[in-house]
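Geometric and topological summary
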Amino acid sequence: MSDNVIEARGLKRTYKTRAGVVEAVKGIDLTVARGKIVGFLGPNGAGKSTTLKMLVTLLQPTAGEATVVGCDLRRDPVGVRRRIGYVAQNGTTSPEAKVGLEITSQAELYGIAPAESRKRAEELLAALDLEGVWNRTCGSLSGGQRRRLDIVMGLIHRPELVFLDEPSTGLDPQSRANLWAHVRALRDRFGTTVLLTTHYMDEADSLSDELLVIDHGSIVAKGTSAALKAGLRGDAMTLTLRRAQDAAPAAAAITATDPAAQVQTDGNILRYQTPNGATALPGLIRDLTAVGIDPIGVEVARPTLDDVFLTLTGRSLRD
Amino acid sequence: MLHDTWVIFKRAMLVSLQNPAWVIIGLIQPVLYIVLFGPLLTQMANVPGFPSGNAWNVFVPGILVQLGIFGGAFVGFGIISEWRSGVIDRMLVTPAARASLIAGRVLRDVVVLLVQTVVLLAVAMAFGLRVPPMALILALVLVTVLGAAFSALSYAAGLALKSEDALAPLLNTLALPIVLLSGILLPMSMAPGWLQRVSDIVPFKHMVDALRSVFQGQVWVGSVGIGFALAFAFAIGSLWLGARVFASQTR
């Protein structure tokens, strides 16, 4: 079997509305390698959830082909369903049902006997810090516990690939960090491939081995978070000088060594972008001191994924 | 398919049993009809047009059909909240047969309905209903079939609309003409000619008539065959539609 758990070509989904045909996903290609955590980053409405729903057989693609864990999405949806786990954005459990009932009934739908699913569930519940909830109703759990229970539900049949749709939306910062640790543990302990969608930069940044950036139904960039940031004309440099009249000669000194830099001057403050600010900094200070300019403050800001998104789409993720 | 249906049934049943308040509320309503409305009707047995025989034998079949219809009709609200909490999507992503996802739930509703029907018949007999065992069995069959049909339709409507605000007016709009035109409370034989003609096109009227006939000891007559055949045909159509709506969720 190939080392890719997802291979999709030209996946497309259109909706017919009264206003006309809406292209939610405009023919995307994507490849997900086994054993990775892949983050699907984009603003709300970018087409993340629609893409996920197509890959988990909840929505039929309008066009395109995909192989998910070795099964053809169109010809063998049941094969796909057997091999994947899916945790939807709005949860998986009924608030009135007891935790144990939800887990064992879910497992039984995959043909796993209750005794075996109880054993697996105890393991998973322990791994996700959810001991002692078996006889509680799902609605009585805290938001973070309920979300982790969703993950248990999605993993009870030991899928090779699990889809998490907006896993940490609505959780407090502590629960989010805790959830991230658990998602990493899934990859490390069980070798599970994880495809997660998020509109949080910090989540995409800290959790994913690889990123797919999606906007308006198309993938606009892919790669590791570090590579995406390095691809930008990267670090934002802010230089504060003692005297405003030094600004012009300082700008000249900067462009002498970095001809592509576009220096913006604001009184005694200079701003420009450079691919690798931390490396350029010592040389810059030396050059400036050599011509008698005295910088009194320097700031190197590493690019964020939001800068990446802004550069790619002209919009901020926060919008 | 059978295995999946059983799993869905078991889960739904256990959730219902955990919170039996709704089952009890559903039980109280038909009993209230027997206790608070039945005695009133027994006074009407001599009014022209009222079918001959014990008033209970005329009244109870109507209440049974009503129980079958309304025991199933409101389950759609449950499927909307299940959909909202992500349960439906979660189940649709499992390899489970699509039809079992609705069949298991319909089965739960039917079992609940059977218990309610038995209680209702017992109360009615305590009040004076006298019918042969065969009539009781046919009553259970009709309520089951009708309940399954309305439960499937209600799930289909709930899942298609995905909004309580849309489902409630739909059910209310359908419920009133069904109750009035099927002769559930008062037999349509008391109605003027034009109203009888209108009620002839309502299938539930024929089911009520069939059960009334059975309760008066006439089992092997044409109207009974028509009533039961309509009920079965209606149930098959409703179950088919329900399964279609579930399957179409992944289109």
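Just so we're clear, the structure is a prediction, and the values are computed from it rather than from any experiment. Counting starts from 1 at the beginning of each chain's written sequence and moves along it residue by residue. Think of it this way: whatever chain is written first is A, whatever ligand is written first is 1, and the rest follow in order. For this predicted model, a pLDDT threshold of at least 70 governs which residues receive local features, and a threshold of 80 or more governs which side-chain atom pairs are given and counted, while totals over whole chains, interfaces and linings are taken from all residues.

1. Overview of the overall build of chain B
Put simply, the rule reads: Runs of E in the DSSP output that reach at least two residues are strands. Runs of H or I that reach at least four are helices, and both are numbered from the N terminus. It is over C-alpha atoms that the radius of gyration is taken, and the globule rule equals 2.2 Å times the number of residues to the power 0.38. Exposure classification rests on a simple neighbour count of other C-beta atoms within 10 Å of a residue's own: a residue reaching 20 or more is buried, one at 12 or fewer is exposed, and one in between is partly exposed. C-beta atoms are placed from the backbone. A pair of residues counts as a contact when their C-beta atoms, built from backbone coordinates, are separated by no more than 7 Å.
When you go through chain B residue by residue, the secondary structure sums to 11 helices and 0 strands. Against the compact-globule benchmark of 18 Å for 251 residues, chain B has a radius of gyration of 19 Å, which places it among compact chains. Within the span of chain B, comprising 251 residues, buried residues form 47% of the whole. Looking at chain B alone, contacts between residues at least 24 apart form 81% of all its contacts between residues at least 6 apart.

2. So, the domain arrangement of chain A
How we decide: Source of the domain bounds: an automatic or database domain assignment.
You can read the domains of chain A as domain 1 (4–229) and domain 2 (233–302). Between domain 1 of chain A and domain 2 of chain A, the C-alpha centre-to-centre distance is 45 Å.

3. Focus: the sheet that holds strand β10 (residues 218–223) of chain A
All names here are of chain A. Applicable threshold: In this analysis, strands are considered paired if DSSP registers two or more bridges between them. Axis lines are fitted through C-alpha atoms, for helices just across the contact stretch, and the angle between N-to-C directions can take any value from 0 to 180 degrees.
Read from one edge of the open sheet, 6 strands run β6-β7-β8-β3-β9-β10, paired in mixed fashion. Because the sheet does not close on itself, it has two edges, and the strands there are β6 (84–87) and β10. Neighbour-to-neighbour, the strand axes of the sheet open up by a mean angle of 15°, direction not taken into account. Examined bridge by bridge, strand β9 (residues 210–215) and β10 share 5 bridges and lie antiparallel to one another. Looking at β10, one finds that I214 is bridged to I219. Strands in contact with helix α1 (residues 48–55) are β3 (37–41), β7 (161–165), β8 (193–198) and β9; relative to β7, the strand with the most contacts, it is inclined by about 150°.

4. As for the sheet that holds strand β1 (residues 4–17) of chain A
Residues and elements named next belong to chain A. Taken in spatial order, the 4 strands of this open sheet run β2-β1-β4-β5, and their pairing is antiparallel. Since the sheet does not close on itself, it has two edges, and those belong to β2 (20–33) and β5 (71–72), each with one partner. Where β1 and strand β4 (residues 63–68) come together, 5 bridges link them in antiparallel fashion. The partner of A8 across the bridge, within β4, is A66. Where α1 meets the sheet, its contacts fall on β1, β2 and β4, and the angle it forms with β1 comes to roughly 115°.

5. With respect to the confidence of the model for chain B
Worth spelling out the cut-off: Looking at any residue, its pLDDT shows the predictor's confidence there, from 0 to 100.
Per-residue confidence for chain B averages 90 on the pLDDT scale, and 99% of its residues sit at or above 70. If you check the scores for this complex, the pTM reads 0.85 and the ipTM reads 0.87.

6. A word on the pairing of β7(A)
All names here are of chain A. Our working rule: Crossover handedness is defined by viewing with both strands directed away from the observer: a clockwise path from the first strand over the helix to the second marks the crossover as right-handed.
Most of β7 sits out of view: 5 of its 5 residues are buried. Of the two faces of β7, the one holding L161, F163 and D165 and the one holding V162 and L164 are both buried throughout. Pairing of β6 with β7 involves 4 bridges; the strand directions are parallel. Within β7, the position partnered with G85 by the bridge is V162. Looking at chain direction, β7 and β8 are connected through 5 bridges and run parallel. The residue of β8 that forms the bridge with D165 is T197. Regarding the hand of the β-α-β motif, the stretch spanning β7, helix α6 (residues 173–190) and β8 is right-handed.

7. Overview of the interface of chain B and chain A
Here is the rule we go by: Under the scheme applied, nonpolar residues are Ala, Val, Leu, Ile, Met, Phe, Trp, Tyr, Cys and Pro; charged residues are Asp, Glu, Lys and Arg; polar residues are all the others, including Gly.
Of the residues lining the interface, 23 residues belong to chain B; the matching set on chain A comes to 24 residues. Put simply, the parts of the chain that give the side of chain B that touches chain A at least two residues each are α1 (2–18), α4 (76–84) and α5 (87–92) of chain B. Here the element with the most residues in the side of chain B that touches chain A is α1(B); it accounts for 7 residues. Class assignment of the residues belonging to the side of chain B that touches chain A gives a composition of 9 nonpolar, 6 polar and 8 charged.

8. Some details on the environment of B:P48
Residues and elements named next belong to chain B. Topologically, P48 is positioned in the loop between α2 (21–42) and α3 (55–73). C-beta crowding within 10 Å serves as the criterion here: with 6 such atoms nearby, P48 is assigned to the exposed category. P48 sits 142 residues away from M190 along the chain, and the two C-alpha atoms are 7.2 Å apart.

9. Brief notes about α3(B)
Filter applied, for reference: Working rule for helices: expected span equals 1.5 Å times residues minus one.
In this model, α3(B) (19 residues) spans 27 Å end to end at C-alpha, consistent with the 27 Å of a helix rising 1.5 Å per residue. Counting buried positions over the 19 residues of α3(B) gives 19, a clear majority of the element.

10. Here's the deal with the nonpolar core
Put simply, the rule is: By convention in this section, buried Ala, Val, Leu, Ile, Met, Phe, Trp, Tyr and Cys residues joined through C-beta atoms within 7 Å make up a nonpolar core.
Core analysis: the biggest nonpolar cluster contains 141 residues, and A:V152, A:F163, B:L146 and B:L211 have the highest contact counts within it. If you tally residues by element for this core, the top one is helix α7 (residues 133–161) of chain B, at 16 residues. If we ignore the near neighbours within four places in the chain, the residues touching A:F163 are A:L52, A:L55, A:V56, A:I84, A:G85, A:Y86, A:V87 and A:L195. With 9 residues, the next largest nonpolar core counts A:M237, A:L239, A:I254 and A:L270 among its residues.

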